[in-house]
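Residue-level listing of the chains:
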Amino acid sequence: MKSANAVLILIGVLVLGYLGLIASRPSLREMSPMEVLQTLLGDTKDSLRKEKFVSFKPAEGHYKVSFPGTPDELNLYNSWLHPAVIPLPGWFMADRNLGFYVSEVAIDNSDAPGRISAAAVDRPLMDPSGGNNEMVSQNSSNNILMEIQEFLDRQAETIVRNAGATLFSKVPAAAGGGRYFGRSIEGSAKTPGQRYRLQIFYDSDNHRLFAIGVSGKPEEIHCPQANQFLGSLQILP
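Residues numbered from 1 in each chain as written. Predicted model: local features only at pLDDT ≥ 70, side-chain atom pairs only at ≥ 80, totals over all residues. Heavy atoms only, no water.

Colleague: Let's hear about the layout of surface pockets: which residues, and what values?
Modeller: The calculated volume of the second largest pocket comes to roughly 220 Å³. With three residues, helix α5 (residues 143–162) is the single largest residue contributor to the lining of the second largest pocket. Within the lining of the second largest pocket, the residues separate by chemical class into eight nonpolar, four polar and one charged. (1 Å grid on protein atoms, 1.4 Å probe; cavity = no way out; pocket = protein on both sides within 12 Å on 5 of 7 lines; lining within 4 Å. Points joined across faces, edges and corners; volume = space filled by probe spheres on them. Helix = DSSP H or I, 4+ residues; strand = E, 2+ residues; numbered from the N terminus. Nonpolar A, V, L, I, M, F, W, Y, C, P; charged D, E, K, R; others polar.)

Colleague: Provide a residue-level description of the environment of Lys52, including the pertinent values.
Modeller: Structurally, Lys52 can be placed in the loop between α2 (33–41) and β1 (54–56). Lys52 sits 14 residues away from Ser66 along the chain, and the two C-alpha atoms are 9.4 Å apart. When near neighbours in sequence (up to four residues on either side) are disregarded, Lys52 contacts Phe67, Pro68 and Gly69. (Contact = heavy atoms within 4.5 Å.)

Colleague: Kindly report on unusual backbone geometry, identifying the contributing residues and their values.
Modeller: Of note, the amide linkage connecting Leu88 to Pro89 takes the cis form, showing an omega dihedral of 0 degrees. Phi at His207 takes a positive value of approximately 55 degrees, unusual for a residue other than glycine. Its location among the elements puts His207 in the loop between β8 (195–203) and β9 (208–216).

Colleague: Can you lay out the pattern of salt bridges for me, pointing to particular residues and giving the numbers?
Modeller: Under the criterion given, the structure shown has eight salt bridges. The salt bridge involving Asp153 is made with Lys170; its shortest N-O contact spans 3.4 Å. A residue pair is termed long-range when its members are at least 10 positions apart, and Asp153 in helix α5 and Lys170 in strand β6 (residues 166–175) qualify at 17 residues. You can call Lys170 partly exposed: its relative accessible area is 28%. Across the pair Asp153 and Arg183 runs a salt bridge, and its minimum N-O distance is 2.8 Å. (Salt bridge = Lys/Arg side-chain N within 4 Å of Asp/Glu carboxyl O. Buried < 20%, exposed > 50% of the residue type's maximum accessible area, 1.4 Å probe, protein only.)

Colleague: I'd love a proper account of the nonpolar core, names of residues and values included.
Modeller: Core analysis: the biggest nonpolar cluster contains 27 residues, and Val85, Leu152, Leu198, Tyr202 and Leu209 have the highest contact counts within it. Those elements that provide at least two residues to this core are β4 (90–94), β5 (98–106), α5, β7 (180–188), β8 and β9. Residue contacts for Leu198: discarding those within four places in its chain leaves Val85, Ile86, Ile159, Arg183, Ser184, Ile185, Ala211, Ile212 and Gly213. Residues Ala173, Ile212, Val214 and Ile221 belong to the second largest nonpolar core, which totals 24 residues. (Core = buried A, V, L, I, M, F, W, Y, C linked by side-chain atoms within 4.5 Å.)

Colleague: If you had to explain the environment of Ile144 to someone new, which residues and values would you point to?
Modeller: Mapped onto the secondary structure, Ile144 falls in helix α5. The partly exposed category is assigned to Ile144, whose relative accessible area is 26%. Separated by 60 residues in the primary sequence, Ile144 and Ser204 have C-alpha atoms spaced 9.8 Å apart.

Colleague: Can you tell me about the sheet that holds β8, naming the residues and giving the values?
Modeller: Taken in spatial order, the seven strands make up an open sheet running β3-β4-β5-β9-β8-β7-β6, and their pairing is antiparallel. In this open sheet, the two strands that pair with only one neighbour each are β3 (72–74) and β6. Averaged over all pairs of adjacent strands, the angle between strand axes in this sheet comes to 20 degrees, irrespective of strand direction. With nine bridges joining them, β5 and β9 adopt antiparallel strand pairing. Residue pairing across strands places Val102 opposite Ile212, the latter belonging to β9. Of the strands in this sheet, β6, β7, β8 and β9 are in contact with α5, which crosses β7 at around 30 degrees. (Pairing = 2+ DSSP bridges. Axes fitted to C-alpha atoms, helices over the stretch in contact; angles between N-to-C directions.)

Colleague: Describe the pairing of β9, with residues and values.
Modeller: The buried fraction of β9 is high, at nine of nine residues. Here β9 shows a buried face lined by Arg208, Phe210, Ile212, Val214 and Gly216 and a second buried face lined by Leu209, Ala211, Gly213 and Ser215. Of the strand pairs in this sheet, β8 and β9 are connected by nine bridges, and their pairing is antiparallel. For Arg195, the partnering residue across the bridge sits in β9 and is Gly216.

Colleague: Which residues make up a nonpolar patch on the surface, and what values do they have?
Modeller: A cluster of nonpolar side chains, namely Leu76, Tyr77 and Leu88, defines an oily patch on the protein surface of about 400 Å² accessible area. One can find Leu88 in the loop between β3 and β4. Judged by relative accessible area, which is 30%, Leu88 ranks as partly exposed. (Patch = residues over 30% accessible without salt bridge, like charges linked within 9 Å, V, L, I, M, F, W, Y side chains within 5 Å. Areas by Shrake-Rupley, 256 points an atom, 1.4 Å probe, with all protein chains shown as cover.)

See below:
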């Protein structure tokens, strides 16, 4: 009984503290409890809309990307505050309307679809924005190319499922002038009322998967900032 009373008292104190905080800081009144916590921890900004984009490369990463400022690390310990449709660990920045996320993961050799021959790698796609299918159709005898396409479909569906999100659309994509096959995905995020855009690319030579995405209010995920972020990814050898 004493422990139950202690829990009730603690809950009461937390509720009163929360109400007092909301009363003292009017800017928090329109936020959800989760958004209030994110703001108090300092890793969710009021707005990133006017921030200048800055090139960022993780110390041990194999990519560059431009964030609207200096990103924070996203890992298993803080991901509950920032549910993202990317594999962890990664990097992120977020404000109340839009979050920017990127990650790189090594693919175990047993799961990797293999390596493309030098001739296939050096031959660019006809259309880098969506030429996977054309290239595969011209090389139907190349099993590795088919395996990579199937691998990307599985990875896309697994990432979305693990994030508790819903997939609306999935189309071919490519990076590095067609060197890296990929997928462009869009759907509903786990957080009610939020949508996401995600792009994944596979480096077949080094068995690395790259994921870059934005998540936030439906009207924000196609804004100029979102497009600039998604278009800034550069995969490095």
